Each structure stands twice: as C-alpha cells, then as structure tokens.
Amino acid sequence: GENVEQHPSTLSVQEGDSAVIKCTYSDSASNYFPWYKQELGKRPQLIIDIRSNVGEKKDQRIAVTLNKTAKHFSLHITETQPEDSAVYFCAASIKGANNLFFGTGTRLTVIP
Amino acid sequence: GAGVSQSPSNKVTEKGKDVELRCDPISGHTALYWYRQRLGQGLEFLIYFQGNSAPDKSGLPSDRFSAERTGESVSTLTIQRTQQEDSAVYLCASSLNSGTYNEQFFGPGTRLTVL
C-alpha cells in the first residue's frame, strides 16, 4: 500500500514569513494529493489539492507543488497570519482507490 | 447545508465493553469513509462504503471492528471488547461520489477513551 511521510512535525514561523511543509509518497500509482487543515478541536478541512497531471497549483497565499519523479509534494504558505496556526495533513490517493493515505501532520504555529 | 455529523462527540468506556459510533453523511453523498486518528498521528483509513456495493474493509485493524451503512444514509462503527489501544478520535467523512478526485468532507469526530 501507499506510505506517506510528512516533515517537519512542528513548525514555528513569524507572522508574515513563509512556511513550507513537505511530503513524500511511495506508490507511483498515486495521482491525487490533497492537503487538509485541522484547527484545534475541529474537523479536517480541505484547503488545496493537486492532481498528478500538473506540477503546481496556487490559491491566494497557498500553493502546492508536485514532483512525480521524486515522489514528493509540498505545501507553501506565504505571508503567514496567526489564523494559519493549525495542524496540516498531506494525503495521497492511489488511482482507482477510494481512500486517502495521510501523513502524520505538521503543527504550524504563526507567532504574532 | 448541514455538514457531516457524528455522535456521540465523546465516549468513555471500560475495557472489554462494546461501543457504537454513529455518522450522518451529507445528504446526497454516496460515499462514506471511517478513519481513526490516534493522538499526534495522521488519519488511518478503516472502511469505505459506496452505495450498495460491498464495503472496502481493508483498513479495519481487527475482527473486533465492524461497520454498517443503510443505503446512502447513516453509518455505525462498532468496536467490540474495546481495548485501551482503541482510544482515539474516530472521524467519518463523506463525498458526493466515489473515485479519486472527490473531496471528502469530515465530521467533527467521536473521541473514544477506553479506561
């Protein structure tokens, strides 16, 4: 099955700085890579996703990049704000499968 | 509209007892998933339902775990003879259809504590 690894486990940045979270996956058949944000005590919510036929996707202050050859993908948050503080999970889905394989999460703290 | 709901929000039980967790998916969503989230860990897939098809049970950790779904509505996850290692948050998600690209919408979870 798929194995998703995520780094770092914790990340602290000053407000206004950028944050980068990296994930690797093992199964070359994976073709969908969503990122979820989970605020303290709340449910995970999708913030951005990327399919394997593109290398980068942006949505305002967040972007995701995908390197299929190296089997890694990254989340980039620019101009961080305190409300970006949360746990972020990357995930991968294998083509034809229905479930997501999640990374272990990154706790991001944005210091005002 | 209403999102995915789960009940109870918290459940404390004694080792060896059975527990039943409930999930109400978003109306019209044909696919439903159960995940387990241990403290400080990622989400671990348990089981998937799609319409009237046979469920994908490949993630269930032992035969003490089972789940049912009535048509395209409510699902229940049952854990028999609970063990302390079953303590976790159990999250349910639903998506409009099956397939790779369908966004999964998560419920608030049930926090299970086995004493």
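Residues numbered from 1 in each chain as written. Chains lettered and ligands numbered in written order. Predicted model: local features only at pLDDT ≥ 70, side-chain atom pairs only at ≥ 80, totals over all residues. Heavy atoms only, no water.

A. Looking closely at the overall build of chain A. Summing up its helical and strand segments, chain A has zero helices and 11 strands in all. Starting at the N terminus and ending at the C terminus, chain A contains elements arranged as β-β-β-β-β-β-β-β-β-β-β. Relative to a compact globule of 112 residues, whose C-alpha radius of gyration would be 13 Å, chain A shows 13 Å and is just as compact. For chain A, the C-alpha atoms occupy an extent of roughly 40 × 25 × 20 Å along the three principal directions. Sorting the 112 residues of chain A into buried and exposed places 46% on the buried side. (Helix = DSSP H or I, 4+ residues; strand = E, 2+ residues; numbered from the N terminus. Rg over C-alpha atoms; globule rule 2.2 N^0.38 Å. Buried < 20%, exposed > 50% of the residue type's maximum accessible area, 1.4 Å probe, protein only.)

B. Just the sheet that holds strand E1 (residues 4-7) of chain A, in detail. All names here are of chain A. As summarised here, the arrangement of the five strands in space is E1-E3-E8-E7-E6, forming an open sheet in which the pairing is antiparallel. Of all the strands in the sheet, the pair left with one neighbour each is E1 and strand E6 (56-59). Neighbour to neighbour, the strand axes of the sheet diverge by 15° on average, direction disregarded. (Pairing = 2+ DSSP bridges. Axes fitted to C-alpha atoms, helices over the stretch in contact; angles between N-to-C directions.)

C. Structural detail: the state of the cysteines. Taken as a whole, this structure holds two disulfides over all chains when the rule is applied. The disulfide partner of Cys23 of chain A is Cys90 of chain A, and the S-S distance across this bridge is 2.0 Å. Residues Cys23 of chain A and Cys90 of chain A are joined through a disulfide that is left-handed, its torsion about the S-S bond being -100°. Of the two residues, Cys23 of chain A is situated in strand E3 (residues 19-25) and Cys90 of chain A in strand E9 (residues 86-94); the sequence distance between them amounts to 67 residues. Cys90 of chain A carries the same exposure label as Cys23 of chain A, and that label is buried. For Cys23 of chain B, the disulfide goes to Cys92 of chain B, at an S-S distance of 1.8 Å. Looking along the S-S bond of the Cys23 of chain B-Cys92 of chain B disulfide, the torsion reads about -60°, which is the left-handed sense. (Disulfide = S-S within 2.5 Å.)

D. Looking closely at the interface of chain A and chain B. With 20 residues of chain A in contact, the opposing surface of chain B contributes 21 residues. A combined buried area of about 1,700 Å² lies between chain A and chain B, and 53% of that area is made up of carbon and sulfur atoms. Its largest share of buried area at the contact with chain B, chain A owes to Arg43, Asn98 and Phe102 of chain A, together 33% of the area lost on that side. Counting across the chain A and chain B interface gives five residue pairs in polar contact (both at pLDDT 80 or more). (Contact = heavy atoms within 4.5 Å. Buried area = accessible area lost by both parts, 1.4 Å probe. Polar contact = N/O pair within 3.5 Å; in protein donor to acceptor, adjacent residues only side chain to side chain.)

E. Representation of the environment of Thr30 of chain B within the structure. All names here are of chain B. Here Thr30 is to be found in the loop between strand E3 (19-24) and strand E4 (31-37). On the basis of relative accessible area, Thr30 is assigned to the buried category, the value being 11%. Within the structure, the side chain of Thr30 is placed 3.1 Å from the side chain of Gln50, a separation counted as a polar contact.

F. Representation of the pairing of E3 of chain A within the structure. Residue and element names in this part refer to chain A. Residues of E3 alternate between two faces, with Ala19, Ile21, Cys23 and Tyr25 buried on one and Val20, Lys22 and Thr24 left unburied on the opposite face. By the bridge criterion, four bridges tie E1 to E3 in an arrangement that is antiparallel. Bridge assignment links Gln6 to a residue of E3, and that residue is Cys23. With six bridges connecting them, E3 and strand E8 (residues 72-77) associate as antiparallel partners. Each residue of the ladder has a partner; that of Val20, found in E8, is His76.

G. Broad picture of the confidence of the model for chain B. For chain B, mean pLDDT is 92; residues scoring 70 or higher make up 97% of the total. Of all helices and strands in chain B, the one with the weakest mean pLDDT is strand E5 (residues 43-50) of chain B (92), whereas strand E7 (residues 75-79) of chain B scores best (98). (pLDDT = per-residue confidence, 0-100.)

H. Fine view of the nonpolar core. Of all hydrophobic cores here, the largest spans 23 residues; its most connected members are Phe33, Trp35, Phe73, Leu75, Ile77, Tyr88 and Leu108 of chain A. Of all the secondary structure elements, the ones that give two or more residues to this core are strand E2 (10-14), E3, strand E4 (30-38), strand E5 (45-51), strand E7 (62-67), E8, E9 and strand E11 (106-111) of chain A. With residues near it in sequence (within four places) discarded, Leu108 of chain A still touches Leu11, Val13, Ala19, Ile77, Asp84, Ser85, Ala86 and Tyr88 of chain A. Of all hydrophobic cores here, the second largest spans 20 residues; its members include Val19, Leu60, Leu77 and Leu112 of chain B. (Core = buried A, V, L, I, M, F, W, Y, C linked by side-chain atoms within 4.5 Å.)

I. Quick look at the packing of aromatic side chains. Residue and element names in this part refer to chain B. For the coordinates displayed, the defined rule picks out 13 aromatic pairs over all chains. Here the aromatic rings of Tyr35 and Phe45 are separated by 6.1 Å at their centres, their planes lie at 70°, and the arrangement is edge-to-face. One end of the pair, Tyr35, is in strand E4; the other, Phe45, is in strand E5, and 10 residues separate them in sequence. Here Phe45 falls in the buried class, since its relative accessible area comes to 9%. (Phe/Tyr/Trp six-rings, centres within 6.5 Å; stacked < 30°, edge-to-face > 60°.)

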